[in-house]
Amino acid sequence: MDVIRDIVLPVDRDTAWDVVCDPEAWLAERADLELVPGAEGTLDDRRTIVEEVTPGERLAFWWDDGGALLTRVELTLVDAVGGTRITVV
């Protein structure tokens, strides 16, 4: 089952992308991860593997739950009235 959330940020897509690419600004207190496909690193204590990076459009990665289960996270950015819509699946 997918969990889907979205939000419209009152900024242009380039600014929204800069925020998405800075996980310490919104997702983790400590990030040691290069955002290139195939890169492995950590977000806090979660092992993370980058799957896809399409600048300004999409970021997808896998991370663990502290055990053996990996969860896929995908963020998609599109232009919206008043800013940029970010959808997280």
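Since the structure is predicted, the reported quantities are computational estimates derived from the model, not experimental observations.

Caption draft 1: Spotlight on the layout of surface pockets. A volume near 190 Å³ is recorded for the largest pocket. It is strand β6 (residues 70-80) that provides the largest number of residues to the lining of the largest pocket, a total of 4 residues. Its residues assigned to classes, the lining of the largest pocket shows 5 nonpolar, 1 polar and 4 charged.

Caption draft 2: Just the pairing of strand β5 (residues 58-64), in detail. Taking burial as the measure, the 7 residues of β5 include 5 buried ones, the bulk of the element. Where strand β4 (residues 46-54) meets β5, 6 bridges bridge the pair, whose relative direction is antiparallel. From the neighbouring strand, T54 faces β5, where its bridge partner is R58. Remark: 3 residues form the turn of the hairpin made by β4 and β5, two consecutive strands paired antiparallel; G56 in that turn has positive phi of roughly 80°. Bridging between β5 and β6 involves 7 bridges; their strand directions are antiparallel.

Caption draft 3: Local environment of the packing of aromatic side chains. As enumerated under the stated definition, the model contains 1 aromatic pair in all. Taking the centre distance of 5.7 Å and the plane angle of 80° together, the rings of F61 and W63 count as edge-to-face. Across the pair, W63 and F61 agree in class, each one buried.

Caption draft 4: Local environment of the pattern of salt bridges. What the rule picks out here adds up to 7 salt bridges. Between D6 and R85 there is a salt bridge, with the nearest N and O atoms lying 3.2 Å from each other. Here R85 lies in strand β7 (residues 83-88) and D6 lies in strand β1 (residues 5-9), a separation of 79 residues in the sequence. Across the pair R72 and E74 runs a salt bridge, and its minimum N-O distance is 2.7 Å. On the accessibility criterion, E74 (17% relative accessible area) is buried. Three or more residues are tied together by salt bridges with common partners; here these are E51, E52, R58, R72 and E74.

Parameters and conventions
All chains use their own residue numbering, which begins from 1 and follows the written sequence. Totals for whole chains, interfaces and linings use all residues, but because this is a predicted model, local features are given only for residues with pLDDT of at least 70 and pairs of side-chain atoms are given and counted only at 80 or more. Derived side-chain values reflect all non-hydrogen atoms in the structure, with water molecules and hydrogen atoms excluded from consideration. In this analysis a 1.4 Å probe is tested at points of a 1 Å grid over the protein atoms alone, and where it fits but cannot get out there is a cavity; an open set with protein on both sides within 12 Å along at least five of seven lines is a pocket; lining residues have an atom within 4 Å of a point. Grid points are joined across faces, edges and corners, and a volume is the space filled by probe spheres set on the points. Each helix is a run of DSSP H or I of at least 4 residues and each strand a run of E of at least 2, with the numbering of both proceeding from the N terminus. As a working rule, the residues Ala, Val, Leu, Ile, Met, Phe, Trp, Tyr, Cys and Pro are called nonpolar, Asp, Glu, Lys and Arg charged, and the rest polar, with Gly in that last group. Per-residue accessibility, obtained with a 1.4 Å probe over protein chains only, is compared with the maximum for each type, and a residue is labelled buried under 20%, exposed over 50%, and partly exposed between these values. DSSP bridges decide pairing: two strands pair if at least two such bridges lie between them. When two rings of Phe, Tyr or Trp (its six-membered ring) have centres within 6.5 Å they constitute a pair, described as stacked for plane angles under 30 degrees, edge-to-face for angles over 60, and tilted for the intermediate range. Salt bridge, as applied in this entry: a Lys or Arg side-chain nitrogen positioned within 4 Å of an Asp or Glu carboxyl oxygen.

It is worth stressing that arrangement in space is one thing and function is another; only the former is reported here.
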